[in-house]
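What follows is each chain in one-letter form.
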Amino acid sequence: MKLAVNQMGLKGEINIPSDKSISHRSIMFGAIANGTTTIKNFLRGDDCLSTLKAFQDLGVKIEDDGDIITVHGTGFSGLKAAENAINVGNSGTTIRLITGILAGTTFTTELFGDSSIAKRPMNRVLLPINQMGAECSGHDDTEFPPLTIKGTNHLQPIRYEMPVASAQVKSAILFAALQANGESVIIEKEKTRDHTEDMIRQFGGEITVSGKEIRINGPQQLSGQAVNVPGDISSAAFFLVAGLIIENSRIVLNNVGLNPTRTGILDVIEQMGGNLTIEETGDKENKAGKLTVETSALHGIEISGEIIPRLIDELPIIALLATQAQGTTVIRNAEELKVKETNRIDAVATELNKMGASIEPTEDGLIIHGKTTLHGATVTSYGDHRIGMMLQIAALLVKDGSVELEKSEAISVSYPTFFEDLSKLYQ
Ligand code: S3P
């Protein structure tokens with residue numbers, strides 16, 4: 001599709017769509033809890049709809065009246081074998097987390113997805129879950145989907161030092177640990193998003209977190225709750241950056257979830273000299289806020305270490321931000337970007353360089369030389385929603401030429417109304 005270019009200013013307010021990570025988990029917790037769960041502000045993007053459909057395939061009754069989603073929980077033991085293989089689409093969160101849930105069933109499930117899912121590494125989940133007693137494998141002796149998950153009702157607890165910083169892996173182990181007999185201990189490599197831990201507590205379960213060490217006893221029974229999903233800071237990120245780099249802009253973003261394990265991008269914006277104000281609106285348990293950004297003079301910084309998991313999904317749009325900052329920005333310790341929906345290190349460098357940026361890909365990140373003027377080009381999302389949205393924001397800077405985006409349909413994975421919301425800000 002032809003992207004909007006050359007915006008002279010973005011002004012207005014946006015209600016950010018609901019959080020993808022929390023929406024997935026609200027269906028999962030609703031299904032494995034006993035009793036009814038209601039979900040307000042569920043994200044109806046392709047990925048979360050894959051999770052919803054997957055649990056319907058496992059025999060869970062889930063209704064959507066267009067406003068509230070109602071999940072009639074079956075408890076872990078009430079899940080039923082799916083008639084056919086379950087299709088997770090493009091969703092890494094669905095396939096990895098559901099593996100931990102299926103680990104404790106007494107049946108076998110096949111999981112498959114699209115061509116991107118077929119390349120995502122799964123040993124990170126399969127190895128610990130098999131150590132707990134399930135029998136999971138990829139196809140043809142590989143770790144890659146389609147996966148076969150053979151559960152057991154004799155899951156053993158685990159002590160696991162995580163080799164990667166991954167909330168998906170941690171969550172899969174937690175779901176299995178909730179069904180195991182005894183205490184499991186997980187030690188994180190770096191602290192990652194903690195929505196699963198929060199929701200275990202919210203659904204009446206017990207979990208102890210001390211720094212990077214998590215302790216959880218099994219088996220536990222959870223009970224259905226009312227969930228209200230806040231806005232997704234990972235979706236807000238595109239407008240935060242747009243407001244900072246497009247001349248003459250001021251954008252207000254309402255109801256953005258501010259869980260501290262997700263707010264690395266706000267720290268980066270402040271360190272780069274961005275004009276950002278945060279007005280907290282949520283309560284202590286569910287931090288949320290109204291964020292306002294204005295066009296800013298920015299400078300390059302180094303981004304590495306413990307902050308990386310707190311902004312992992314925002315790195316493509318942060319790379320664009322850095323192309324508009326004076327000086328060099330260095331992103332390190334972000335090798336996980338290579339195994340996301342696409343290789344995001346290569347995708348960001350290749351596509352933004354086509355538009356005139358100066359970005360060097362490295363083994364574990366990017367070196368971005370700013371400030372550069374971007375021009376028209378034909379670019380691709382590689383089927384990755386976040387690369388697609390980042391390229392649309394980049395196109396807004398283009399004064400010379402037009403930008404054609406291939407595979408733009410991927411954006412509906414996390415933000416079906418992205419183009420509509422953006423167009424509300426045009427002057
Ligand atoms: C997610 C965890 C992250 C993130 C993904 C969502 C989650 O993945 O990139 O978009 O909801 O747990 P990893 O666990 O692979 O880092």
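It should be emphasised that the depicted structure is a prediction, and the values quoted were computed from it without experimental measurement.

1. Side note on the UniProt feature "active site" (unreviewed entry) in the protein
Residues annotated in UniProt with the feature "active site" (unreviewed entry) correspond here to Asp313. When its relative accessible area of 11% is taken as the criterion, Asp313 is described as buried. Leave out the neighbours within four places in its chain, and Asp313 touches Arg193, Ser234, Lys340, Arg344 and Arg386. Of the polar contacts made by the side chain of Asp313, one reaches the side chain of Arg193; its length is 3.3 Å.

2. Points about the sheet that holds strand β19 (residues 358-362)
With mixed pairing, four strands are arranged side by side in an open sheet as β17-β18-β20-β19. A strand with exactly one partner marks an edge of an open sheet, and here the two such strands are β17 (302-303) and β19. One ladder, built from two bridges, connects β17 with strand β18 (residues 327-331); its direction is parallel. Across the sheet, Glu302 pairs through a bridge with Val330, a residue of β18. In the packing of helix α9 (residues 315-323) onto the sheet, the strands contacted are β17, β18, β19 and β20 (365-370), and the crossing angle to β20 comes to about 25°.

3. Section: the pairing of strand β10 (residues 182-187)
Where strand β9 (residues 159-161) and β10 come together, three bridges link them in parallel fashion. Its bridge partner lying in β10, Arg159 is registered against Val185. Where the polypeptide runs from β9 across helix α5 (residues 167-177) and back to β10, its parallel neighbour, the crossover connection is right-handed. With six bridges connecting them, β10 and strand β12 (residues 213-218) associate as antiparallel partners. Counterpart to Gly182 in the pairing with β12 is Gly218.

4. Structural notes on the packing of aromatic side chains
Applying the stated criterion to the full structure yields seven aromatic pairs. Between the aromatic rings of Phe29 and Phe175, the centroid separation amounts to 5.1 Å while the plane-to-plane angle is 50°, which identifies the pairing as tilted. Of the two residues, Phe29 is situated in helix α1 (residues 20-32) and Phe175 in helix α5; the sequence distance between them amounts to 146 residues. By relative accessible area, Phe29 is classed as buried at 0%.

5. Comments concerning helix α6 (residues 195-202)
The α-helix winds at 3.6 residues per turn, so residues separated by three or four positions along the chain end up facing the same way. Three or more residues of α6 are buried, namely His195, Thr196, Glu197, Met199 and Ile200. On its buried side, α6 packs onto α1, α5, β11 (208-210), β12 and β13 (226-228).

6. Regarding the UniProt feature "binding site: 3-phosphoshikimate" (unreviewed entry) in the protein
The residues that UniProt annotates with the feature "binding site: 3-phosphoshikimate" (unreviewed entry) are Lys20, Ser21, Arg25, Ser166, Gln168, Asp313 and Lys340. Considering the arrangement of structural elements, one finds Ser21 in helix α1. Dropping the residues within four chain positions of it, Ser21 is found in contact with Arg193, His195 and Arg262.

7. Some thoughts on the site of the ligand
Every residue close to the ligand is listed here: Ser21, Arg25, Thr93, Arg96, Ser166, Ala167, Gln168, Arg193, Ile312, Asp313 and Lys340. Between the ligand and the protein, one listed contact pairs an oxygen atom with a side-chain N or O atom of Arg25 at 2.6 Å. For the shell around the ligand, the secondary structure elements donating two or more residues are α1, α3 (92-102) and α5. Tallied by class, residues from the shell around the ligand come to two nonpolar, four polar and five charged.

8. Looking at the pattern of salt bridges
Counting across every chain of the model gives 26 salt bridges. Here Arg215 ties to Glu213 by a salt bridge, and the two come within 2.9 Å at their closest N and O atoms. Of the residues examined, Glu213 reaches a relative accessible area of 27% and is grouped as partly exposed. In this structure, Glu302 and Arg332 form a salt bridge, with 2.6 Å as the shortest nitrogen-oxygen distance. With a gap of 30 residues between them, Glu302 in strand β17 and Arg332 in the loop between β18 and α10 (344-354) connect regions that are remote in the sequence. Each of Arg193, Asp313, Glu341, Arg344, Asp384 and Arg386 takes part in one network of salt bridges that share partners.

9. Considerations on the sheet that holds β10
Ordered by their spatial adjacency, four strands build an open sheet running β9-β10-β12-β11, and the pairing between neighbours is mixed. Of all the strands in the sheet, just β9 and β11 have a single pairing partner and so form its edges. Taken over all neighbouring pairs, the strand axes of this sheet differ in orientation by 15° on average, direction set aside.

Procedures and definitions
Residues numbered from 1 in each chain as written. Predicted model: local features only at pLDDT ≥ 70, side-chain atom pairs only at ≥ 80, totals over all residues. Heavy atoms only, no water. UniProt positions renumbered as here; feature names shortened; annotations may be inferred. Buried < 20%, exposed > 50% of the residue type's maximum accessible area, 1.4 Å probe, protein only. Contact = heavy atoms within 4.5 Å. Polar contact = N/O pair within 3.5 Å; in protein donor to acceptor, adjacent residues only side chain to side chain. Pairing = 2+ DSSP bridges. Helix = DSSP H or I, 4+ residues; strand = E, 2+ residues; numbered from the N terminus. Axes fitted to C-alpha atoms, helices over the stretch in contact; angles between N-to-C directions. Right-handed = clockwise from strand over helix to strand, strands pointing away. Phe/Tyr/Trp six-rings, centres within 6.5 Å; stacked < 30°, edge-to-face > 60°. Near = heavy atom within 4 Å. Nonpolar A, V, L, I, M, F, W, Y, C, P; charged D, E, K, R; others polar. Salt bridge = Lys/Arg side-chain N within 4 Å of Asp/Glu carboxyl O.

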